[in-house]
Every structure is written in structure tokens, then in C-alpha cells.
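What the coordinates show
So you can see what is in the structure, the chains are spelled out below.
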Amino acid sequence: MYAVGIMSGTSMDGIDTVLVDIHGYGKETKLKVIGYHEYPMPIDMKAKIMKACDEKDSHVDEICSLNFELGYLFVEAVKVLLHKYHILSKDIDFIATHGQTIYHIPFQKGQLLPSTLQIGEPAVLAYELNTTVISNFRVMDMAAGGQGAPLVPYSEFILYSEEHKNIALQNIGGIGNVTLLVGQDLDQVQAFDTGPGNMMINEACRLLYHLEYDDCGHISAKGTVINALLDELMHHSYMKKQPPKSTGREDFGEKYVHYLVDKYKKEKPQDIITTLTYFTAKSIAYHYQTYILPYYPLHKVIVGGGGSHNQTLLHMLQKELYDIPVYTQDDIGYSSDAKEAIAFVIMGNETLHHHFSNVKSATGASDYVILGNITLPPR
Ligand SMILES: Nc1ncnc2c1ncn2[C@@H]1O[C@H](COP(=O)(O)OP(=O)(O)OP(=O)(O)O)[C@@H](O)[C@H]1O
Ligand SMILES: CC(=O)N[C@H]1[C@@H]2OC[C@@H](O2)[C@@H](O)[C@@H]1O[C@H](C)C(=O)O
């Protein structure tokens, strides 16, 4: 079966699309990646999404339209992928799309119920490409009392779990999140967000260097850590929360970085980037040391997501973790960039087989539930 996965993450720098050949389901899943393409996020679209995500600036009419605009953009992204790998849309059995997260409330906040909103209209994809689309994966987990995130642990369990090995899969996207696989026991999988991934580094690069990110960690390699800033960051309230837990732009986004950059404006810009990079590595290590290592020895750490291209960040993480080997997904033959898009194909495939794909211990849901809405082809 040919399937396409689409992931548009919190960094909003591109739409990850992946083409796979998939058979079976559950532990019997056989998956071969045929191709990957990152469709760059148009700058005006990124600005619209950022505005839609902002509690003060967003407008319902704009969100309504953006849902369709993103649907058309996802269609474009899929067409480019299919063209690149010489596949016709009629040969695609299904598309699994995460959508763009506009807002995520993992826990009740005053009057606000735990809820989540991903947009990028699946009907537009289904109509334009005449195929089945599975979307809106997070809501069923939330209906079952979960936080609706993280969802990737299920696919990581399917793809990476090994008998008698404890493996940490660390994703460094906008946010950092870890999945701990304990042997091959699904009930024991743990997953939570470790804090910022590239989000703070990116925002500071934008403010201080007019760059979208610190390419390969070149800027952070040159600076030194500002101890006062590091100390302030390590006291962020997120660090003390017990997992399972999740975070987002609300905690580590623009507002917070603007505040910090302003507060430490007398410091060298490169030192601010170095400190934010070090904090990103240290917050990951801190979470392992506090919430994992006292209970489970770790045999290896596998880093994925765009942050695995940041060499300074990787070196800092390896240093903080002493003798636990840190690999990247690419080191072990998988693509770091395609990982989340692949995860949604695996979940979409489970949905079509009427099989659950949440991990209760990761999201806090009370049941294993079938995720996603199925939009059938219109013709
Ligand atoms: N060559 C590179 N050097 C340094 N950092 C990089 C490089 N390439 C990508 N990145 C970082 O990775 C980020 C994108 O990561 P990724 O695509 O995993 O995030 P995302 O999917 O948007 O986020 P999330 O997983 O939180 O939803 C970029 O914004 C950038 O910070
Ligand atoms: C609500 C939302 O979009 N959460 C994302 C985000 O990006 C990383 C982290 O925060 C993770 O919790 C999640 O995505 C991945 C794909 C997940 O659910 O596993």
C-alpha cells in the first residue's frame, strides 16, 4: 500500500512529506520509505499561522480561511512529493496528515477545557487528490482523558523497541520530547516533553542575527555560557513538573525569548545563543537524570528532528550524559527529518485497521483508542 504522511510542526519552517510502502499493522507493520520531501513554508503563510496562534492577535475569520489555505498548501506539498518520486495520486491508498497546531491546552486552564486544534482541511486534500485522508489524530486521545500528545511514541515502539534494551528517543523539533522504550513492553513506554527543542534558539537567532536558525550550531560553538541566564532558565517552572507532561510555544515561545533577550541585552549575542543551546541540552539531560535514570539504565539515546543537525547541541548533550552513547537517527540509518511524517502514516494505517495507536502511559489517556477522523475520497 502506498501512503503519504504530512507533518507541519511547531517550528513552521516546512511541511514534511513522506511517501512509504506499508503493509500489515501493529507489531507486524512492514514499512519502507520511498521518499521524503520538505516543502518550504511560504513566509506569508508562516506569518498567518503565527498570528492565528496568538491569543490577542488571532481572528476567527482568519482561522476559518487559514484552515482551507493550509489544506491547499498541503495538496501542493503532496503533489511535489509525488512528482519527485514519479508516483500518480491515483496510486496513493491514503494520506495521513497531522495538520498545523494552532492551539493546545493539555490541562484545564480556568474556564478552558483540555483541548487541541490542528488545522489544514482534510476534505480539501481528499477532494483534490481523490484519496482517503486520516487527520485530527489528537482529539480522540483527549476525549479519553489524555493530553493528546505526544503521539509519536506509538510509532517509535513499532519501529525501534528491542528486547531487554532501554532506549531513549529524543526528538528535537520546536519542542524537545523523549520516548523511553523499556524492552518491548508497550505499557511501560514513557514519553514527555523535555522543554524547548530549537524554539528558543531559533527565536533568539531571529532577534539577534535575522537568521531562522543557528546552522549546524556555528554561532553557539563560538560563545560562552552566561551563568545568570542559565540559572534563570533552569528554574523555569516546567522543569519541576512531574511527567507525563507537555509544553509548547505558550511556555518557551517568542514572548519568553523576547523578554530574556531584552533582559540580557548587555551580553554578547553569541553568548545568548550559546546559553540557550546549552539550556536546551541541559534541560534534556536534567529530565533523564531526574525522571528516567533513577529507575531505568539507558542503553542508548537516539536523537531525531531538525535539532540533530545542530552539532554544538549534540556535543553538549553527549557531555551532559557522560557514557550513555548518543546517536542521531541518520547514524542508525533512518531519516531524522522524516520521522514524524512517518509516525503519522503508521498511525493512519492503524486507524484504517480499526486499531488503537495512542500510548496510554505517554498521554495519560484512560484507554487505548483508535485515533483520527477518516475522510473518504469524494468520488
Ligand atoms: N542544519 C541545521 N542546523 C541547525 N539546526 C537545524 C538545521 N536544520 C534544522 N534545524 C533546526 O530544526 C528545526 C526544525 O526541526 P523539525 O522540523 O524537527 O521541527 P518541527 O517538526 O517543526 O517541530 P516539532 O517537532 O516541535 O513539531 C529548525 O527550525 C532548526 O531550528
Ligand atoms: C500539540 C502538538 O502539536 N504537539 C507537538 C509539539 O511538537 C513536539 C511536541 O510538541 C509533541 O508533543 C507534539 O508532536 C509530536 C509529533 C507528537 O505528538 O509526538
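The model shown is predicted, which means the values in this text are computed figures rather than measured ones. (Residues numbered from 1 in each chain as written. Chains lettered and ligands numbered in written order. Predicted model: local features only at pLDDT ≥ 70, side-chain atom pairs only at ≥ 80, totals over all residues. Heavy atoms only, no water.)

This paragraph deals with the UniProt feature "binding site: ATP" (unreviewed entry) in the protein chain. According to UniProt, the positions carrying the feature "binding site: ATP" (unreviewed entry) are Gly-9, Thr-10, Ser-11, Met-12, Asp-13, Gly-14, Ile-15 and Asp-16. Within the secondary structure layout, Thr-10 lies in the loop between β1 (2-8) and β2 (14-23). Look at Thr-10 and you get partly exposed, because its relative accessible area is 32%. Excluding residues that lie within four positions of it along the chain, Thr-10 makes contacts with Gly-174, Ile-175, Met-199 and Arg-249. Along the chain, the position of Ser-11 falls in the loop between β1 and β2. A relative accessible area of 17% means that Ser-11 is categorised as buried. Setting aside anything within four residues of it in sequence, one finds Ser-11 in contact with Lys-46, Gly-173, Gly-174 and Arg-249. (UniProt positions renumbered as here; feature names shortened; annotations may be inferred. Helix = DSSP H or I, 4+ residues; strand = E, 2+ residues; numbered from the N terminus. Buried < 20%, exposed > 50% of the residue type's maximum accessible area, 1.4 Å probe, protein only. Contact = heavy atoms within 4.5 Å.)

Turning next to the pattern of salt bridges. The tally for this structure, following the rule as stated, stands at 14 salt bridges. Among the salt bridges present, the one from Lys-90 reaches Asp-91, with a minimum N-O distance of 3.6 Å. Residue class for Lys-90 comes out exposed when judged on its relative accessible area of 66%. Classification of Asp-91 as partly exposed rests on a relative accessible area of 35%. With a closest N to O distance of 3.7 Å, Glu-320 and Lys-282 form a salt bridge. Here Lys-282 lies in helix α12 (residues 269-291) and Glu-320 lies in helix α13 (residues 311-320), a separation of 38 residues in the sequence. (Salt bridge = Lys/Arg side-chain N within 4 Å of Asp/Glu carboxyl O.)

A few words now on the site of ligand 1. The full set close to ligand 1 counts 23 residues, and Thr-10, Gly-174, Asn-202, Cys-216 and Gly-306 are the nearest of them. The separation between an oxygen atom of ligand 1 and a polar side-chain atom of Asp-13 is 3.0 Å. Contacts to ligand 1 include Ile-175, whose backbone N or O atom sits 3.2 Å from an oxygen atom. Contact with the protein chains hides 88% of the accessible area of ligand 1, taken as 650 Å² for the molecule alone. Mapping the shell around ligand 1 onto the domain boundaries places at least three of its residues in each of domain 1 (2-144 + 367-375) and domain 2 (153-324). (Near = heavy atom within 4 Å. Polar contact = N/O pair within 3.5 Å; in protein donor to acceptor, adjacent residues only side chain to side chain. Areas by Shrake-Rupley, 256 points an atom, 1.4 Å probe, with all protein chains shown as cover. Domains from an automatic or database assignment.)

The subject of this paragraph is the site of ligand 2. What surrounds ligand 2 is a group of 15 residues, the closest being Thr-101, Arg-138, Pro-150, Leu-151 and Val-152. In this structure, an oxygen atom belonging to ligand 2 sits 2.7 Å away from a side-chain N or O atom of Thr-101. Looking at which element gives the most residues to the shell around ligand 2, the answer is strand β4 (residues 94-105), with three residues. Among the residues making up the shell around ligand 2, the classes are represented as seven nonpolar, five polar and three charged. Formed jointly, the shell around ligand 2 draws a minimum of three residues from each of two domains, domain 1 (2-144 + 367-375) and domain 2 (153-324). (Nonpolar A, V, L, I, M, F, W, Y, C, P; charged D, E, K, R; others polar.)

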